[in-house]
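Letter by letter, the chains look like this.
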Amino acid sequence: MLIGFNKVEHIKGIVIIVGNFGSGKTEVAVNLAVNRKRSGIDVRIADLDLVNPYFRTREAREPLAELGIDVVLPPEKYLQADLPILSPAIAGLIRRPSQLTLIDAGGDDVGATVLSSLADPFRKKRVHMLQVVNPYRPFTDTVTGCLKMRDQIEKASKITITGILGNANLIDETTVEHIYKGYDFVKEVSDQSGLPLEFITASVELLPQIDVERFSCPVLPIERQLVPPWKKAVRLKK
Amino acid sequence: MGKILMKGNEAIGEAAIRAGCLNYFAYPITPQSEVAEYLSRRMPEVGGVFLQGESEIAVGNMLFGAAGCGARVFTTSSSPGISLMSEAISYISSAQCPVVFVNIVRGGPGLGGILPSQADYFQATKGGGHGDYRLLVMAPASVQEAVEMVMKAFPLAEKYRNPVMILGDGLIGQMMEPIEFPEHLRTEPSNKDDWATNGMDTRNSSKPNLVKSLFLNAELLEEHNVVLKAKYDRMKQEEVRYESYNVDTDYQALIVSFGTMSRVCRTVIDNLKAQGFETAMIRPQTLFPFPEAPIKKAASKESCQVVLSIELNMGQMVEDVDRSVQGKCPVHCYGKAGGDVPTPEEVIDVIKSFF
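Note that the coordinates shown come from a computational prediction; the quantities given were computed from them, not determined experimentally. Going along each chain's sequence as written, the residues are numbered from 1 onward. Labels follow written order: the first chain is A, the first ligand is 1, and so on. In view of the model being predicted, local features appear only for residues whose pLDDT reaches at least 70, and side-chain atom pairs are presented and counted only at 80 or more, with totals across whole chains, interfaces and linings using the full set of residues. Processing note: side-chain calculations cover all non-hydrogen atoms of the structure and skip hydrogens and water entirely.

(A) Quick look at the overall build of chain B. By the criteria applied, helices consist of DSSP H or I runs no shorter than four residues and strands consist of E runs no shorter than two, each listed in order from the N terminus. From N to C terminus, chain B includes 12 helices and 14 strands. Projecting the C-alpha coordinates of chain B onto the three principal axes gives extents of approximately 70 × 50 × 40 Å. For every residue, the accessible area (1.4 Å probe, protein chains only) is compared with the maximum for its type, and the residue is labelled buried under 20%, exposed over 50%, or partly exposed between those bounds. Burial analysis of chain B (355 residues in total) assigns 59% to the buried set. Here, residues are in contact when the closest pair of their heavy atoms is within 4.5 Å. Within chain B, counting contacts between residues at least 6 apart in sequence, those at least 24 apart form 80% of the total. Calculation of accessible area relied on Shrake-Rupley with a 1.4 Å probe; when residues are assessed, cover is drawn exclusively from the protein chains displayed. For chain B, the exposed surface amounts to about 13900 Å²; the carbon and sulfur share of it is 51%. Charge counting follows a simple rule: Lys and Arg are positive, Asp and Glu are negative, and His as well as the terminal groups are ignored. A charged residue contributes its charge at one atom only: NZ of Lys, CZ of Arg, CG of Asp or CD of Glu. Between the averaged position of the 33 positive side-chain charges in chain B and that of its 42 negative side-chain charges there is a distance of 3 Å.

So, in structure tokens, the structure goes:
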């Protein structure tokens, strides 16, 4: 199910997902990878989250691999290490990108700092860097907060943010109203920052109740993958 | 204010501020470092203090000092860090100072791992430090409950002049859930003039207060321990908290589980119900005092054939469960200690193996 998603076909090549801590970068990156893979393009995704110990892309590596999405992670033996390990494979991935190469960075400016160490491979590459915004999270519940985060991430990563992704949600307690209000909020962030609002997200459960005509941007359906042990991830179909 | 989405660790930090605690000392350790990260930003905004100690040993003694002076104070850490604070916890307990400790438990023993665990049950409920002391221990099963327990912990610590510990696990600290901060749980720090070293100029007394844990005289030390014991007995009378789930049915198995593990067990009970097999759960919200009587009562139900303590460790709470059940029903334990939380399917297989 792609809702107006042909409008984001320009999102290809190297796409870096950044945002404040807990904004939903990984869930968005994983679902974007799946969505683009289904549309028939080659997708690789790299987990660059060196700051977060739980709920990382690596948790979703099996279902992604089943769909034929290559997940680039630190070597298996370091996977559980509480250490910031940057796999040398990442630089190779940037030098020879797939049709879509998604880089899931860590949260805040701290998590984005690692991007600056990849300045060499990034040189002369066209890079999209998209900021995920969830207005129901602390520190990005105001437009000023979001713009401050943008500034801090750009400084830390030494890369310019090129677009906004709206990811308004309260996980299981999200209502249609939250999605509408969240859209209005990120639209405001987009207007004030001059950055395009590339797309917003909505869970597949909520999507049938949503009037997508209300939005000026496409909607990425979220099939939740990062769940606690007592819940089941949505089974991803090819 | 509507709900917001917060990570357990952030919510714990914010809850302390909302509870009226403006003093936080800590040392970073996975999986609770986000509390310090969050409060390093928030404390200056509200005029509070965040001070990173040079180690957890230092933090433990900074807490002792601040609480002894009458300040409302708290810390957060994870297992090895709490071990380092244990000497101070014993001193703080003896000196009867109210301090709130949050332990976001990781795998052990030793450095262990960084994944969720409940292997500090013994440490929290039976000691860790030396001497006859008890902590009032609460175990949240959701981020919202962590918020409420942190907010309740401060007045409870002051009511008993005793440390209170919130025993979470890595998942409680790391997962995100929608939450709100109940305004009614905000409390003002109590008046500590009759015991704290809060300055002679602020209270009407000519006698200085003394905060100490040294009693060289046998009679005085005996007397001191009797006073402490009376407090712990009062906690047993007044502070037992637990939640029952599906106990109105003719359940064949009773689960006792707390924290993150109890969330899995709820799903287990729902799934088994759908299969026509009734099970029930008692979820201790306080680990000390332990809900002995409710567990005994639930285990005594005629239909109940087995009591299962399900824990993220190799079997610790089961000793308290066994003690509570008093032979009314066979007691078994299922646990995992590596960091992988058992799935509902796994627990269902364990339950079915008894029938």
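(B) Expanded view of the side chain of A:S193. One can find A:S193 in helix α7 (residues 176-193). Residue A:S193 is classed as buried on the basis of its relative accessible area, which comes to 13%.

(C) Seen up close, the environment of A:N167. Residue and element names in this part refer to chain A. Among the structural elements, N167 can be located in the loop between β6 (163-166) and α7. The spacing of N167 and P135 is 32 residues in sequence and 7.9 Å in space, taken between C-alpha atoms. Among all residues touching N167, those that are not within four sequence positions of it are S23, G24, V28, V132, V133, N134 and T201. Whenever two N or O atoms come within 3.5 Å, that pair is a polar contact, provided that in protein one can donate a hydrogen and the other can accept it, and provided that, for residues adjacent in sequence, both atoms are side-chain atoms. Among the polar contacts made by the side chain of N167, one reaches the main-chain carbonyl oxygen of S23 at a distance of 2.8 Å.

(D) The arrangement of the interface of chain A and chain B in detail. Taken together, the 22 residues of chain A in the interface contact 29 residues of chain B. The working definition used for a salt bridge is a side-chain nitrogen of Lys or Arg within 4 Å of a carboxyl oxygen of Asp or Glu. On inspection of chain A and its partner chain B, the count reaches 4 salt bridges. The residue B:E10 makes a salt bridge to A:R137 at a minimum N-O spacing of 2.7 Å. Under the scheme applied here, ten amino acids are nonpolar (Ala, Val, Leu, Ile, Met, Phe, Trp, Tyr, Cys and Pro), four are charged (Asp, Glu, Lys and Arg), and all others, including Gly, are polar. Here the residues of the side of chain A that touches chain B sort into 12 nonpolar, 5 polar and 5 charged.

(E) Main features of the pattern of salt bridges. What the rule picks out here adds up to 34 salt bridges over all chains. Its salt-bridge partner being B:R41, residue A:D108 comes within 2.9 Å of it at the nearest N-O pair. In this pair, A:D108 is assigned in helix α4 (residues 108-116) and B:R41 in helix α2 (residues 33-45), connecting two distinct chains. Residue A:R224 pairs with A:D172 through a salt bridge whose shortest N-O separation is 3.5 Å.

(F) Unusual backbone geometry, seen in detail. Residues and elements named next belong to chain B. The step from G108 to P109 runs through a cis peptide bond, and the omega angle for that step is -5 degrees. Looking at the element boundaries, P109 is found in the loop between β5 (100-105) and α5 (121-126). A cis amide bond links F288 to the next residue, P289, at an omega of 0 degrees. Tracing the sequence through the fold places P289 in the loop between β12 (286-288) and α10 (292-299). Positive phi values are uncommon outside glycine, yet Q96 reaches one of about 55 degrees. Even without being a glycine, R161 presents a positive backbone phi close to 45 degrees.

(G) Spotlight on the environment of B:A293. Residue and element names in this part refer to chain B. Of note, A293 is situated in helix α10. A293 sits in the exposed class, given a relative accessible area of 57%. Separated by 144 residues in the primary sequence, A293 and M149 have C-alpha atoms spaced 22 Å apart.

(H) Main features of the domain arrangement of chain B. Residues and elements named next belong to chain B. Here the bounds of each domain stem from an automatic or database domain assignment. When the domains of chain B are assigned, the result is domain 1 (4-197 + 228-237) and domain 2 (242-352). Each of domain 1 and domain 2 has a C-alpha centre, and these two points are 27 Å apart. Taken together, the contact between domain 1 and domain 2 spans 30 residues of the former and 24 residues of the latter. Here the quantity called buried area is the total loss of accessible area, with a 1.4 Å probe, experienced by two parts when brought into contact, counted for both. Contact with domain 2 buries surface across domain 1, with Q118, Y121 and F122 losing the most and accounting together for 31% of the total. Taking the shortest distance from any N to any O, the salt bridge between E177 and R263 comes out at 2.6 Å. For the side of domain 1 that touches domain 2, the secondary structure elements donating two or more residues are α5, β6 (136-138), α6 (143-160), β7 (164-169), α7 (170-174) and α8 (218-238). With 4 residues, the top contributor of residues to the side of domain 1 that touches domain 2 is α5.

(I) Quick look at the pairing of strand β1 (residues 13-19) of chain A. All names here are of chain A. Summarising burial for β1: 6 of the 7 residues are buried, a large majority. A pair of strands is considered paired only if DSSP assigns at least 2 bridges between the two. Taken together, the 5 bridges between β1 and strand β4 (residues 100-105) define a ladder with parallel strand orientation. Each bridged residue has a counterpart across the sheet, and for I16 the counterpart in β4 is I103. Pairing analysis gives 6 bridges linking β1 to strand β5 (residues 127-133), with the strands arranged parallel. By the bridge assignment, G19 is partnered in β5 with V132.

(J) Representation of the pairing of β4(A). Residue and element names in this part refer to chain A. Counting buried positions along β4 gives 6 out of 6 residues, so the element sits mostly inside the fold. Residue alternation in β4 divides its side chains into two sets, L100, L102 and D104 and T101, I103 and A105, and both sets are buried. In this structure, strand β2 (residues 43-48) lies alongside β4, joined through 6 bridges in parallel fashion. Bridged to V43 within β4 is L100.

(K) Highlighting the nonpolar core. Residues and elements named next belong to chain B. One finds F74, M165, L254, V307, V321 and I351 to be the most contacted residues of the largest nonpolar core, which totals 116 residues. If you tally residues by element for this core, the top one is α6, at 11 residues. Each residue touching V307, except ones within four places of it in the same chain, is listed here: L254, V256, A299, V321, V325, C329, P330, V331 and H332. Here, the term nonpolar core denotes a set of buried Ala, Val, Leu, Ile, Met, Phe, Trp, Tyr and Cys residues that are joined through side-chain atoms within 4.5 Å.

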